[in-house]
Amino acid sequence: LRATQQYALAMQAARRRDWGGAEREAAAAARAAPGFGPVRWLQAQLHARRGDVPQAIELATEARRASTPLPDDAERVF
């Protein structure tokens, strides 16, 4: 499956509160497309939900970077 399809499956699983399924699908999507920000956001939320705060913060940081069109040093100019 393509990363976007896996991401959609992960979101569906999360809506059903199938946390294990959501994590499996999100991990597969992240492997298929490491720079896909939305899947990193979902992974961050899933890790935060189970109390893995350090990993959640790391994933949220990756998600922000992947979702931001400008590098961090250019961002400060605006």
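Residues numbered from 1 in each chain as written. Predicted model: local features only at pLDDT ≥ 70, side-chain atom pairs only at ≥ 80, totals over all residues. Heavy atoms only, no water.

J.: Give a detailed account of the pattern of salt bridges, specifying residues and quantitative values.
T.: Overall, the coordinates contain three salt bridges when judged by the stated rule. Put simply, Arg50 and Glu23 hold a salt bridge, and the shortest N to O gap is 3.0 Å. Here Arg50, found in the loop between helix 3 (37-49) and helix 4 (53-67), pairs with Glu23, found in helix 2 (residues 19-32); they are 27 residues apart in sequence, far enough to count as distant. The exposure class assigned to Glu23 is partly exposed, which follows from its relative accessible area of 26%. Here Glu62 and Arg40 are joined by a salt bridge, their closest N and O atoms 3.4 Å apart. (Salt bridge = Lys/Arg side-chain N within 4 Å of Asp/Glu carboxyl O. Helix = DSSP H or I, 4+ residues; strand = E, 2+ residues; numbered from the N terminus. Buried < 20%, exposed > 50% of the residue type's maximum accessible area, 1.4 Å probe, protein only.)

J.: Provide a residue-level description of the packing of aromatic side chains, including the pertinent values.
T.: What the rule picks out here adds up to one aromatic pair. Ring centres of Tyr7 and Phe36 lie 5.4 Å apart, and the angle between their planes is 85 degrees; on these two criteria the pair is classed as edge-to-face. You can see Tyr7 sitting in helix 1 (residues 3-15) and its partner Phe36 sitting in the loop between helix 2 and helix 3, a full 29 residues away along the chain. (Phe/Tyr/Trp six-rings, centres within 6.5 Å; stacked < 30°, edge-to-face > 60°.)

J.: Give a detailed account of helix 1, specifying residues and quantitative values.
T.: Between its terminal C-alpha atoms helix 1 stretches 18 Å, which fits the 18 Å expected from 13 residues at 1.5 Å a residue. Buried residues belonging to helix 1 abut helix 2 and helix 3. Looking at the residues trailing helix 1, positive phi occurs at Arg17, about 65 degrees. (Expected span 1.5 Å × (residues − 1). Contact = heavy atoms within 4.5 Å.)

J.: Please provide a residue-by-residue account of the side chain of Arg40, values included.
T.: In this fold, Arg40 is placed in helix 3. Classification of Arg40 by relative accessible area gives buried; the value is 15%. Ignoring sequence-local partners within four residues, the contact set of Arg40 consists of Ala30, Pro34, Leu59, Glu62 and Ala63.

J.: Please give an account of unusual backbone geometry that cites residues and values.
T.: Within the chain, Arg17 stands out as a residue other than glycine whose phi angle is a positive 65 degrees. On the secondary structure map, Arg17 appears in the loop between helix 1 and helix 2.

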